[in-house]
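Structural overview
The chain contents come next:
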Amino acid sequence: EPEVTQTPSHQVTQMGQEVILRCVPISNHLYFYWYRQILGQKVEFLVSFYNNEISEKSEIFDDQFSVERPDGSNFTLKIRSTKLEDSAMYFCASSRSPLTYEQYFGPGTRLTVT
Amino acid sequence: KQEVTQIPAALSVPEGENLVLNCSFTDSAIYNLQWFRQDPGKGLTSLLLIQSSQREQTSGRLNASLDKSSGRSTLYIAASQPGDSATYLCAVRPTYSGGGADGLTFGKGTHLIIQP
């Protein structure tokens, strides 16, 4: 069964460093998402991506964040200058269509900022 | 702003019992509602998707219902097993556009323990 994959599973970085989280969505999906979950809190939407551009973004997704689909398979989230409060589990998800189909989530990347 | 609440926050029942998890949302303008399962330190596994026009969906021992007008959904688990132990999350997709509406709004989840 197709699944969303994410790398790395765990990333430790120092405050102020740039990180890139990588995702490979399900191959026939057209909509891609990033969410985050701070420990003990709800899963929060960050950004959606469709047709090679950002479709929607939440208020969390500020100028330090960016997303890219560099090729036909990968979808990346870049955090330019990490802060302690960026420590969280980051989930990538994909869907054929957000209105009629499920969103499928990857296993997540645990980001620890020290 | 849409708020999703799940009660109870935690539930522990003996194996074999049938149980109901509750989800409520403040804004009934939704396209669909999705139930997920999350195992500790892991990703989210989609269990069921209910469109706003549907009343319920079934998958194996799971049955989810939706009452959009009252802002409620329930997840019914029949004949619970220890392997069902996990956190169950409810999430809604709003109908409005803009402001991050593409994304799902999640509840905090119900932590379920099935005692062998």
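Provided above is the structure to which this section pertains.
Anyway, here's the lowdown on the structure attached to this text. (Residues numbered from 1 in each chain as written. Chains lettered and ligands numbered in written order. Predicted model: local features only at pLDDT ≥ 70, side-chain atom pairs only at ≥ 80, totals over all residues. Heavy atoms only, no water.)

Within chain A one finds zero helices and eleven strands. Put simply, chain A runs from its N terminus to its C terminus through helices and strands in the order β-β-β-β-β-β-β-β-β-β-β. When burial is assessed residue by residue, chain A has 47% of its 114 residues classed as buried. In chain A, once contacts between residues fewer than 6 apart in sequence are set aside, the share between residues at least 24 apart is 54%. (Helix = DSSP H or I, 4+ residues; strand = E, 2+ residues; numbered from the N terminus. Buried < 20%, exposed > 50% of the residue type's maximum accessible area, 1.4 Å probe, protein only. Contact = heavy atoms within 4.5 Å.)

Secondary structure assignment for chain B yields zero helices and eleven strands. A compact globule built from 116 residues would reach a C-alpha radius of gyration of about 13 Å, and chain B, at 14 Å, matches this within 12%. Expressed along its principal axes, the backbone C-alpha trace of chain B runs to roughly 45 × 30 × 20 Å. Every one of the 116 residues in chain B was classed for burial, and the buried ones make up 47%. The contacts in chain B between residues at least 6 apart in sequence include a share of 55% that link residues at least 24 apart. (Rg over C-alpha atoms; globule rule 2.2 N^0.38 Å.)

Residues and elements named next belong to chain B. Tallied over the entire structure, the rule returns two disulfides over all chains. Across a sulfur-sulfur distance of 1.9 Å, C23 and C90 are joined as a disulfide pair. On the sign convention where negative is left-handed, the bridge of C23 and C90, at about -55 degrees about the S-S bond, is left-handed. Taken as a pair, C23 in strand β3 (residues 19-25) and C90 in strand β9 (residues 86-94) lie far apart in primary sequence, 67 residues in all. Overall, C23 belongs to the buried group, its relative accessible area being 2%. (Disulfide = S-S within 2.5 Å.)

This paragraph deals with the packing of aromatic side chains. Going through the model one piece at a time under the given rule, you end up with 13 aromatic pairs over all chains. Consider the rings of F32(A) and F75(A), whose centres lie 5.5 Å apart with planes at 40 degrees: the pair is tilted. With F32(A) in strand β4 (residues 31-37) and F75(A) in strand β8 (residues 75-79), this residue pair connects regions lying 43 residues apart in the sequence. An aromatic cluster is defined as three or more aromatic residues linked by ring pairs; in this entry it consists of Y33(A), Y35(A), F45(A), F91(A), F105(A), F36(B) and F106(B). (Phe/Tyr/Trp six-rings, centres within 6.5 Å; stacked < 30°, edge-to-face > 60°.)

What follows deals with the environment of A9(B). Residue and element names in this part refer to chain B. Mapped onto the secondary structure, A9 falls in the loop between β1 (4-7) and β2 (10-14). Residues A9 and Y88, 79 residues apart in the sequence, show an inter-C-alpha distance of 9.7 Å. Once you skip the residues sitting within four places of it in the chain, A9 turns out to touch G109, T110 and H111.

Close approach of charged atoms allows side chains of opposite charge to pair. Applying the stated criterion across every chain yields a total of four salt bridges over all chains. With a shortest N-O distance of 3.9 Å, K42(A) and E3(B) are connected by a salt bridge. Taken as a pair, K42(A) in the loop between β4 and β5 (43-50) and E3(B) in the segment before β1 lie in two separate chains rather than in one. Relative accessible area serves as the criterion here: at 37%, E3(B) is assigned to the partly exposed category. (Salt bridge = Lys/Arg side-chain N within 4 Å of Asp/Glu carboxyl O.)

In this assembly, 24 residues from chain A lie in contact with 27 residues from chain B. Buried surface at the junction of chain A and chain B, both sides included, amounts to about 1,900 Å², of which 52% is carbon and sulfur. Counting across the chain A and chain B interface gives one salt bridge. Counting across the interface, chain A meets chain B through six residue pairs in polar contact (both at pLDDT 80 or more). Every element with two or more residues in the side of chain A that touches chain B is listed here: β4, β5, β6 (53-57) and β9 (88-95) of chain A. For the side of chain A that touches chain B, the class distribution of residues is eleven nonpolar, nine polar and four charged. (Buried area = accessible area lost by both parts, 1.4 Å probe. Polar contact = N/O pair within 3.5 Å; in protein donor to acceptor, adjacent residues only side chain to side chain. Nonpolar A, V, L, I, M, F, W, Y, C, P; charged D, E, K, R; others polar.)

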